[in-house]
Amino acid sequence: MEASSNTLSRTLLAVLAHLGLLAAWYAFVALGDVPKYVMPSPLATIKALFDANYNWWLNSGVTALEIFVGYFLALGVGVTLALLFTWSKTLEAFFMPLLVSLNMIPKVALGPLIIVWFKYGILPNSMMAFSIAVFPILLTTARGLRETEPELLDLVRALRGSRWQLFTKIQLPGALPYIFSGMKVGAILAVAGAIVGEFLSSDKGLGYLMLQVQVTLDTPAMFMAVILITLIGVALYGSVLLLERLLVPKDARIA
Amino acid sequence: MTEPFIHLSGVRKTYRRGGEAHLAISDATFDVMPGELVSLVGPSGCGKSTLLKVLAGLHPQDEGEVRIGSGTHAFDPARDVGMVFQAPLLLKWRRILQNVLLPAEILGLPMGEARERARALLGLVGLEGSEDKYPYELSGGMQQRAAIARALVHDPKLVLMDEPFGALDALTREKMNLELLRIWKESGKTILFVTHGISEAVFLGTRVVVMTAGPARMADNIAIELPYPRTLDMKTHHAFGEYTRRIYRLLGME
Ligand SMILES: Nc1ncnc2c1ncn2[C@@H]1O[C@H](COP(=O)(O)OP(=O)(O)OP(=O)(O)O)[C@@H](O)[C@H]1O
Ligand SMILES: [Mg+2]
C-alpha cells in the first residue's frame, strides 16, 4: 500500500512538472511580449500542425522510418557481433580494439562521407542513426556476455549442453540487462543521428522541414517539428523500457 | 568385494596457457566405492577443483587412468554428474523451481516428471514453499540448498561438491552438514566433497582423501570409522580428535 501510494505521488509530481513547464512557456510568451518568430506560444505551435503545406504525416513518417531502420540494424549488428566475440576469442582480440578506436570517431563528422556513399534519402540518414547507435549496444552486450560466471559454463558443459543452449539459457538472459542499457542509450542516439543526417542532406523528414521553415522564419513550425521528433524518440525509448519491464526481473535491471 | 565406482590411478594434469605449462595434479590415485561420501582436503591451490573438473569430464587428464562406473553401476558422463560450487550460482532471472529444472532442460528430460522431481527435491532440501521465489529473496544458505536440489534434479549417480558451504557462517554450515548427510542417506548418491574444513571433512566423510600442497599428490586416504547417523556431539569424541589431528599432521600444520 505504502509503495503504491508512493509511486502514485511520484507520477503526480512528474506530470505536474511537465504541465508547469508548459504553463511557464505560455506565461513567458503572453506576459513577456516576445515576438512570434523568436518564441511562439503553445497555441501558435499547435496551429502550425494544421498547415497542410508542411506534410506533417509524411515528414514524421520518414523520420520515424529512418530512426527505426537505423536502430534495429544497430541492434541486430551489435548483438550479433558481440555474440560472435564470445564464441571466438581470436575474433574478439582482432576486432574489439578496432571497434573501440572506431567508436572514438565523432560519427556526426562522417555525415558528408555517408552522403557521398549512400546518396541522399532514407538510407544515408538511417546509416547515420545506425553508426551512432551501434557502438553502445555492441559494447554493453559484449560486456554482459563476458560477465557470465565461468563455473556456470562448467555446469552446462558438464551436462554436455550445446553452445546454443549455453547462449539461450545462460549467456543471453544474463546479458539482457546490459543489452537493454545499451538499447536505451542507442535509442536516444539513433534519433540524433537521423536528424543530423536530415540536416546535412534530404528532401523529406522533420529535420528537412526545419531547414525549410527556418528560411521563412516560421518558428512555430520549427517548434512543432522539435516536439514531433521528441515524441518519436519517446515512443522508441518507451517501447524499449516496456520490453525491459517484461523481460528483465526488477532485481537484475541496471540503470 | 564390490567394484569401485570411481577409480583414479596416476592422474596427472597440466594447464597450458600460451607457452607456459602449469602442473596442477602430479599424481592422484584413489578409489571411491558406490554410495560413498568422500571428503577431499588439501591446501589452497593444490588441485582439488581441477580434480573435480577432470571427473566431470571438463578437462581431460594428461596421464593416468580415470574410470567412473562399474558393471553394477553404469555411468553416463553427460547425465550422471551433478555439481555444486562455493557460490550458489543460481540464475537470478529464474524462479527457484525453474533454476532447479535447468539441468533437466539441458538434458531434454520429460519436463512433467522433472517438475515433480524438482518439487520433491526442494522438499528434501527444506525449501518447500519457495518454488516461485526469485533467488534474491532467499538467504545464502537457502540458495545453496536450491543449488543442491539443482545438482540432483537429473538423478545423477555422482555429485561433485566444491567447497559448497565455504561461504556460509559457522552455524549455518553445521546445519547444512547435517542436512547433507540426510540428503546423502536418502538419495544414495556417491559424493565427492571438497573442503578446507578438516573437521567438516571428518564429520561428513566415509573417507577423507588428503592431498599435499600443489601439484597435488596423495598424502593419505583415511577411512573414517565413525557410525552414521553422525551427530554434532561426535565432534567432541576422542576418535574424532584423533582423525583431525592426523590430517593436520599430514598437512604439516602441527
Ligand atoms: N584454468 C586454469 N588455467 C591455468 N591454471 C589453472 C587453471 N585453473 C587452475 N589453475 C592452477 O592450477 C592449480 C590448482 O588449482 P585448483 O583450482 O585446482 O586448486 P584448489 O585445490 O581447488 O584450490 P582452492 O582450495 O584455493 O580452491 C593452481 O595453481 C591454479 O593456479
Ligand atoms: Mg578450488
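As a convention, each chain's residues are numbered from 1 in the sequence order in which they are written. Here chains are named by letter from A upward and ligands by number from 1 upward, in the order in which they appear as written. Per-residue local features of the predicted model are confined to residues with pLDDT of at least 70, and side-chain atom pairs are confined, for both listing and counting, to 80 or more; whole-chain, interface and lining totals are unaffected and use all residues. Side-chain metrics rest on all non-hydrogen atoms present in the structure, leaving aside hydrogens and water.

J.: Got a sec to walk through the overall build of chain B? Specific residues and values, please.
T.: The helix and strand tally for chain B stands at seven helices and nine strands. Atoms counted for the radius of gyration: C-alpha only. Globule rule: 2.2 Å times residue count to the power 0.38. Against the 2.2 N^0.38 benchmark of 18 Å for 254 residues, chain B shows a C-alpha radius of gyration of 18 Å, consistent with a compact globule. Referenced to the eigenvectors of the C-alpha coordinate spread, the extents of chain B come out at roughly 45 × 45 × 40 Å. Summarising the internal contacts of chain B: among those between residues at least 6 apart in sequence, 71% fall at separations of at least 24. Split by element, the accessible area of chain B, about 11000 Å² in all, is 51% carbon and sulfur. Lys and Arg are tallied as positive, Asp and Glu as negative. Neither His nor the chain termini are counted. Working definition for charges: the position is that of NZ of Lys, CZ of Arg, CG of Asp or CD of Glu. A gap of 3 Å separates the mean positions of the 30 positive and 30 negative side-chain charges of chain B. Going along the chain from the N terminus, every DSSP run of H or I of four or more residues is numbered as a helix, and every run of E of two or more is numbered as a strand. Whether two residues are in contact is decided by their heavy atoms: any pair within 4.5 Å suffices. All accessible-area figures derive from a Shrake-Rupley calculation using a 1.4 Å probe, and residue coverage is judged against the displayed protein chains alone.

J.: Please set out the domain arrangement of chain A residue by residue, giving values where relevant.
T.: Residues and elements named next belong to chain A. Each domain's limits were defined by an automated method or a database of domain assignments. For chain A, the assigned domains are domain 1 (1-34) and domain 2 (39-252). Contacts between the two partners involve six residues from domain 1 and, on the opposite side, seven residues from domain 2. Buried area between domain 1 and domain 2, summed over both chains or domains, comes out near 530 Å², and the portion from carbon and sulfur atoms is 86%. Any Lys or Arg side-chain nitrogen found within 4 Å of a carboxyl oxygen on Asp or Glu counts as a salt bridge. Remark: the boundary between domain 1 and domain 2 carries zero salt bridges. Put simply, buried area is the surface a 1.4 Å probe can reach on two separate parts but cannot reach once they are joined, added for both.

J.: Lay out the site of ligand 1 in plain terms, naming residues and giving numbers.
T.: Residue and element names in this part refer to chain B. Neighbouring ligand 1 are 13 residues, the closest being Ser44, Gly45, Lys48, Ser49 and Thr50. Each polar contact in these results corresponds to two N or O atoms within 3.5 Å; when the atoms are within protein, one needs to be able to donate a hydrogen and the other to accept it, and residues that are neighboring in sequence are counted only if both atoms are side-chain atoms. The side chain of Lys48 places a nitrogen or oxygen atom 2.7 Å from an oxygen atom of ligand 1. Notes on ligand 1: free accessible area 630 Å², of which the protein chains cover 68%. Counting residues per element, the ones that place at least two in the shell around ligand 1 are β1 (6-17), β2 (20-32) and α1 (48-55). Note on residue categories: nonpolar means Ala, Val, Leu, Ile, Met, Phe, Trp, Tyr, Cys or Pro, charged means Asp, Glu, Lys or Arg, and polar means any other residue, Gly included. Across the shell around ligand 1, the residue classes break down as three nonpolar, seven polar and three charged. For this description, a residue counts as near a given molecule or strand if any of its non-hydrogen atoms is within 4 Å of it.

J.: How would you explain the packing of helix α6 (residues 122-146) of chain A against helix α8 (residues 163-200) of chain A if you had to name every residue and give the values?
T.: For any two helices packed against each other, one specifies the inter-axial angle together with the distance between the axes. All names here are of chain A. Comment: axis = line fitted to C-alpha atoms, over the contacting stretch for helices; angle = value between 0 and 180 degrees taken between N-to-C directions. Between α6 and α8, the shortest axis-to-axis distance is 6 Å and the interhelical angle comes to 155°. As far as their axial angle goes, α8 and α6 are roughly antiparallel. Of the two possible hands of crossing, α6 and α8 adopt the one that is right-handed. In what follows, roughly perpendicular refers to angles from 65 to 115 degrees, roughly parallel to angles under 35, roughly antiparallel to angles over 145, and oblique to any angle outside these ranges. For a crossing to be left-handed, the near helix must be turned anticlockwise from the far one by less than a right angle; the clockwise case is right-handed.

J.: I'd love a proper account of the packing of α8(A) against helix α9 (residues 206-215) of chain A, names of residues and values included.
T.: All names here are of chain A. At a minimum axis distance of 7 Å, the contact between α8 and α9 shows a crossing angle of 45°. One finds that α8 runs oblique with respect to α9. Two packed elements cross with a definite hand, and for α8 against α9 that hand is right-handed. Contact residues: Ile195, Glu198 and Phe199 in α8; Leu206, Gly207, Tyr208, Met210 and Leu211 in α9. Of the residues in the contact of α8 with α9, the class split is six nonpolar, one polar and one charged.

J.: If you had to explain the interface of chain B and chain A to someone new, which residues and values would you point to?
T.: Facing the 23 residues of chain B at the interface are 19 residues of chain A. Roughly 2000 Å² of surface becomes buried between chain B and chain A when both sides are summed, with 72% attributable to carbon and sulfur atoms. A salt bridge links Lys169(A) to Glu105(B); the nearest nitrogen and oxygen atoms lie 3.0 Å apart. The interface formed by chain B and chain A includes two residue pairs in polar contact (both at pLDDT 80 or more). Mapped by element, the contributors of at least two residues to the side of chain B that touches chain A are β5 (81-84) and α2 (96-107) of chain B. The element best represented in the side of chain B that touches chain A is α2(B), accounting for five residues. Partitioned by chemical class, the residues of the side of chain B that touches chain A number 16 nonpolar, two polar and five charged.

J.: So, a nonpolar patch on the surface: which residues are in play, and what are the values?
T.: Residues and elements named next belong to chain A. Each patch is built from salt-bridge-free residues with over 30% relative accessible area, joining like charges within 9 Å and nonpolar side chains (Val, Leu, Ile, Met, Phe, Trp, Tyr) within 5 Å. Residues Leu84, Trp87, Leu91, Phe94, Phe95, Leu98, Leu102, Ile105 and Trp164 make up a contiguous nonpolar surface patch of roughly 820 Å² in combined accessible area. Mapped onto the nonpolar patch, the elements with two or more residues apiece are α3 (56-87) and α4 (89-104). Counting residues per element, the nonpolar patch draws most heavily on α4, at five residues. Here Leu84 is to be found in helix α3. When a residue's accessible area, from a 1.4 Å probe over protein chains only, is under 20% of the maximum for its type it is buried; when over 50% it is exposed; and in between it is partly exposed. Judged by relative accessible area, Leu84 falls into the partly exposed class, the value being 34%.

J.: Now, about the nonpolar core: what can you tell me, with residues and values included?
T.: The nonpolar side chains of soluble globular proteins are, as a tendency, buried together. Remark: nonpolar core denotes a set of buried residues (Ala, Val, Leu, Ile, Met, Phe, Trp, Tyr, Cys) joined through side-chain atoms within 4.5 Å. Formed by 90 residues in total, the largest nonpolar core has its most connected members in Met83(B), Ile148(B) and Leu160(B). Looking at this core element by element, the count peaks at eight residues for α2(B). Residues in contact with Met83(B), not counting those within four places in the same chain, are Asp154(A), Leu155(A), Ala158(A), Ala56(B), Leu58(B), Ala151(B) and Leu160(B). In terms of nonpolar packing, the next biggest core, distinct from the first, is built from 50 residues, Val134(A), Ile137(A), Val191(A) and Val213(A) among them.

J.: So what's going on with the pattern of salt bridges? Which residues, and what values?
T.: Residues and elements named next belong to chain B. Applying the stated criterion across every chain, the model contains 19 salt bridges over all chains. Close ionic contact of Lys189 with Asp155 constitutes a salt bridge, the shortest N to O distance being 2.4 Å. Separated by 34 residues along the polypeptide, Lys189 in the loop between α5 (170-187) and β7 (190-194) and Asp155 in the loop between α4 (140-152) and β6 (158-162) bring together distant segments of the chain. Ionic pairing is found between Asp220 and Arg246, a salt bridge with its closest N-O pair at 3.3 Å. Taken as a pair, Asp220 in strand β9 (residues 216-223) and Arg246 in helix α7 (residues 238-250) lie far apart in primary sequence, 26 residues in all. Classification of Asp220 as partly exposed rests on a relative accessible area of 23%. Residue classification places Arg246 among the partly exposed residues on the basis of a relative accessible area of 34%. One salt-bridge network, held together by shared partners, links Arg145, Glu179, Arg182 and Glu186.

J.: I'd like a rundown of the environment of Leu251(B), residues and numbers included.
T.: All names here are of chain B. Within the secondary structure, Leu251 sits in the segment after α7. Taking C-alpha positions, Leu251 is 21 Å from Lys13, a pair spaced 238 residues apart along the chain. What Leu251 contacts, discounting residues up to four positions off in sequence, is Gly42, Pro43, Ile198, Val210 and Met211.

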